Amino acid sequence: MNRLPQPFWIGLSVVALSIFFSRLSPRFLSGENIVNIMDQSSINIVVAVGMTLVIASAGIDLSAGGNVAVCGIVIASTIKAGFGVVPTVVVALLTGAILGLLNALLVVKLKINPFMATLAMMSVLGGGALIVTQGIPIYGFSPDFSWIGRGKVAGFPVSVLVCAVVVSAGVFLTRFTRLGIYVAALGGNEEALRRNGVSAHLYKSALYVLCGACAAIASVILTSKLNSAEPLAGAMVEMNAIATVVLGGTKIRGGFARIEGTLLAGILMGVIRNGLVLAGISSYYQQFVTGFIILAAIIVSERSKEEKGRKK
Amino acid sequence: MSFRVHEEAVLEIRGLAKSYGRVEVLKGVSLSLFAGEILALVGDNGAGKSTLIKCLTGTVSPDGGSIRLRGKDFAPLSPRQSIASGVSAVYQDLALVEELDVATNLFLGAEPLKLGFLVDRARMHDEAGRRLEELGISLPSTRARIADLSGGQRQAVAIARAVARTMTRERGAIVVLDEPTAAMGVRESELVLGIVRGLRERGMAVLCVSHNLPQVFRIADRICVLRSGEMLWCGRTEDISMSGAIALISGVSPAEREDGGQGL
C-alpha cells in the first residue's frame, strides 16, 4: 500500500474529509465554501512553496513568519508614503528577497546551521516588527490595495490566482530547470554537486532568496486581507508552512521537492480548518488535529522508506 | 621502465613531493602513464596513494616536482580544471546523489539544455543510454534511482560519468579509479573490472588504486608500489609475483620470495 506516492494519500484524505465534513454541515461542499477554503489556504501554500525548496535542500527557514511581519510593515509604510500598488508590491518582494539573502549569507558564508541561523533571524525580525510598530497595527490602506486580498477575477479570489501562479512557478522550477535537480542534490549529497563543478553555494542562496520572496508575496496577500499591517501577523506562519511541506511528502532531511504534494497538503489543512469551523467545533481543535495528521504522514513516509531498504 | 619506449607517456610525474606540516607524504615520486594501459598503484594505508591522486585531480597542490600531461606542464588548481584537461577521477564515495536517477547523475552539473534554461530530459536519457551502452554497462534503466542500484552498478555509473567528462579527448584521456571494487561481491567486482578493461580497449589511460592484489594482478598491465611516500617499484605485472608485491608493500621480506622485481 505504501507504493503509492504520498500526494495520493493526501488527495484521498482531502476527499474523505470533505465527505465527512459535508455530512456535518451541508454548506461545506457549496461552491462558495470551496472557493473560501482555497482563499483561506492561499497564504499558507505560498509560504510553503518557498519552504519546500529550502527543506528539500536539507535546510529550513524558521524566519518566514518574521519575514511576513516585516514585509507587512514595509508595505504599510510604502502605501502610507503615497506609493501605488505596483511599487508597493515590488518593494515588498525586494524586502522579502533581501531577508532571504541574509539567511543565505548566514548559512552559506558563515556556515551557521540553517536551523539556528533562521531561528535567530525569526527572533530578530519578529522583535524588529514589534519595536518599529510599538506593537500597534498600522491601519487604513487604499481600496486599490485591498483588491489583492479581497478582489475577484472571473469568480476566483485574486489571492487564489496569485497562489496558483506561485505553485505553477514552483512546479516549473523543480521539474524543468537545473535548479530542481540541484535542490535534490543539495539535499542528498552536496559534496557530489561541488565535485561536479556546480556552485552549491550559489544555488543554496537562491533557494533562501526564493523562500524570502514567497514570504513577501504571502505578506502582500495577508496585509491586504487584514487591511492592516499586524506586527504579530507572522506568528505560526513558518510552523504551518513546515508542517504543510512535510505533510506533502518532502522529506525533512532533504531530497526531492514535492511542490504538488505541498499544494495538496495546504488544501488538506485548509479543509480541516474550515470543516471544523463549519461543524461548530472550536478552532482550537484545528491545531490539535493537524498535529496528529502530520504525525501520521511522517510515520507512513518513514515506513515506506524502511520497507524499500529491506527489499534491497 | 622500458615499457613502450616508442610511445610518449600521456602523463609524466617526476620527483613529486608533498608534506603536510612536518609529515612528508610524497618524497619525490615519479611515474609514467601511457594511453591504453591499466596501471595499478598499490601500497599500504598512508603510503601516499591518495595524495598522489589528489595532486592529479587538483584537490592538493604539490610542494615540488613536476607533472606533465601530454608533454605540457600540468598544475590543476581545482577538480574542474583537471576534468577540463581530460583527467577525471572516481573516488570511493562516488559522489552520486541517491535520490536522483542514473541519467541525471551522469550529467550532474553538465545537463543538456533547450532554449537555454530548460533541462532537456529526453536528450539526457538518450545520451545516457548511449554512453552506458558504449561502455558495455547494462542497467535496468537510465531512469532508475541510484538508491535502487547495487554497489557495482553505482560504481559503473560513476565510471561512466568520469569517462563522459573526458570524452572530448578520448585517446589519452586519463581516468583515475580509487578502490573501484571495495566492499563488492565477486559478481559485482567482475562487472566493474569488465568496464575498466573496456576503458583500456578504448585507448584510455587508467590509473587504478587498489588494495585487492589478486584483482590487480588480473587486470593491470603495470604495477607501481608506493611505501611511505616513496616509489619502490614500477614495472610490468608479469615481472613481479604476488608475494613479491606483498613484501614490497609491507616491507617485510618473506623467506620464500620469488624475486621478479628487478626494479629493486
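Residues numbered from 1 in each chain as written. Chains lettered and ligands numbered in written order. Predicted model: local features only at pLDDT ≥ 70, side-chain atom pairs only at ≥ 80, totals over all residues.

Draft legend 1. Molecular detail of the overall build of chain A. When you go through chain A residue by residue, the secondary structure sums to 13 helices and 4 strands. Rg of the C-alpha trace for chain A: 19 Å, near the compact-globule value of 20 Å for 312 residues, within the 12% margin. Across its three principal directions, the C-alpha atoms of chain A cover 60 × 55 × 35 Å. Across the 312 residues that make up chain A, the buried fraction comes to 52%. The long-range fraction of contacts in chain A, counting pairs at least 24 apart against all pairs at least 6 apart in sequence, stands at 80%. (Helix = DSSP H or I, 4+ residues; strand = E, 2+ residues; numbered from the N terminus. Rg over C-alpha atoms; globule rule 2.2 N^0.38 Å. Buried ≥ 20, exposed ≤ 12 C-beta atoms within 10 Å, placed from the backbone. Contact = placed C-beta atoms within 7 Å.)

Draft legend 2. Seen up close, the pairing of strand 1 (residues 11-20) of chain B. Residues and elements named next belong to chain B. Two strands pair when backbone bridges link them, and strand 1 and strand 2 (residues 23-33) are joined in this way by 8 bridges, in the antiparallel orientation. By the bridge assignment for strand 2, Tyr20 is matched with Val23. Hairpin remark: strand 1 followed by strand 2, antiparallel, with 2 residues in the connecting loop; positive phi at Gly21, about 60°. Note: strand 1 against strand 4 (residues 64-69), 5 bridges, orientation antiparallel. Each bridged residue has a counterpart across the sheet, and for Arg14 the counterpart in strand 4 is Ser66. (Pairing = 2+ DSSP bridges.)

Draft legend 3. Layout of the sheet that holds strand 2 of chain B. Strand order in this open sheet of 4 strands is 2-1-4-5 (chain B), and the pairing throughout is antiparallel. Of all strands in the sheet, those bounded by a partner on one side alone are strand 2 and strand 5 (72-73) of chain B.

Draft legend 4. Geometry of the packing of helix 3 (residues 64-80) of chain A against helix 10 (residues 200-226) of chain A. Residue and element names in this part refer to chain A. Closest axis-to-axis distance for the helix 3/helix 10 pair is 8 Å, and the angle between their directions is 55°. Looking at the two axes, helix 3 sits oblique to helix 10. Note that helix 3 runs across helix 10; the crossing there is right-handed. Residues Ala64, Asn67, Val68, Cys71, Gly72, Ile75 and Ala76 of helix 3 form the contact with helix 10, whose own contacting residues are Cys211, Gly212, Ala215, Ala216, Ala218, Ser219, Val220, Leu222 and Thr223. When grouped by side-chain class, the residues that make up the contact of helix 3 with helix 10 number 11 nonpolar, 5 polar and no charged. (Axes fitted to C-alpha atoms, helices over the stretch in contact; angles between N-to-C directions. Parallel < 35°, antiparallel > 145°, perpendicular 65-115°, else oblique. Left-handed = near helix turned anticlockwise from the far one by under 90°. Nonpolar A, V, L, I, M, F, W, Y, C, P; charged D, E, K, R; others polar.)

Draft legend 5. Just the interface of chain B and chain A, in detail. In this complex, chain B contributes 15 residues to the contact, which on the side of chain A involves 17 residues. Elements represented by at least two residues in the side of chain B that touches chain A include exactly helix 2 (79-84) and strand 8 (118-119) of chain B. For the side of chain B that touches chain A, the class distribution of residues is 9 nonpolar, 2 polar and 4 charged.

Draft legend 6. Main features of the environment of Thr290 of chain A. Residues and elements named next belong to chain A. Looking at where Thr290 falls in the secondary structure, it is placed in helix 13 (residues 284-311). Residues Thr290 and Met269 lie 21 residues apart in sequence; the distance between their C-alpha atoms is 7.0 Å. With near-sequence residues (within four places) excluded, Thr290 lies in contact with Ala243, Met269 and Ile272.

Draft legend 7. How the structure looks around the confidence of the model for chain B. Counting all residues, the mean pLDDT for chain B is 85, and 91% of those residues have values of 70 or more. The ipTM for the predicted assembly is 0.82, set against a pTM of 0.86. (pLDDT = per-residue confidence, 0-100.)

Draft legend 8. Representation of the environment of Ala296 of chain A in the model. Examined against the element boundaries, Ala296 of chain A turns out to sit in helix 13. The spacing of Ala296 of chain A and Arg273 of chain A is 23 residues in sequence and 18 Å in space, taken between C-alpha atoms.

Draft legend 9. Structural view of helix 10 of chain A. All names here are of chain A. With 27 residues, helix 10 extends 39 Å from end C-alpha to end C-alpha; this agrees with the ideal 39 Å at 1.5 Å per step. Of all 27 residues in helix 10, 21 are buried, a share of seventy percent or more. Following helix 10 by one or two positions, Asn227 has its phi on the positive side, about 55°. (Expected span 1.5 Å × (residues − 1).)

Draft legend 10. Structural context of the nonpolar core. Of all hydrophobic cores here, the largest spans 180 residues; its most connected members are Val46, Val47 and Cys214 of chain A together with Val206 and Cys208 of chain B. Top contributing element to this core by residue count: helix 10 of chain A, with 16 residues. Excluding residues that lie within four positions of it along the chain, Cys208 of chain B makes contacts with Ile38, Leu39, Ala40, Leu41, Leu177, Pro180, Val196 and Ala220 of chain B. (Core = buried A, V, L, I, M, F, W, Y, C linked by C-beta atoms within 7 Å.)

Draft legend 11. Broad picture of the sheet that holds strand 12 (residues 230-236) of chain B. Residue and element names in this part refer to chain B. Read across the sheet, 6 strands follow the order 6-9-10-3-11-12 without closing on themselves; strand pairing throughout is mixed. Lying at the two open borders of the sheet, with one neighbouring strand each, are strand 6 (87-90) and strand 12. Taken over all neighbouring pairs, the strand axes of this sheet differ in orientation by 15° on average, direction set aside. Sheet strands in contact with helix 5 (residues 151-166) are strand 6 and strand 9 (174-178), and its direction is about 170° off that of strand 6. In the packing of helix 8 (residues 242-250) onto the sheet, the strands contacted are strand 3 (38-42), strand 11 (222-227) and strand 12, and the crossing angle to strand 11 comes to about 25°.

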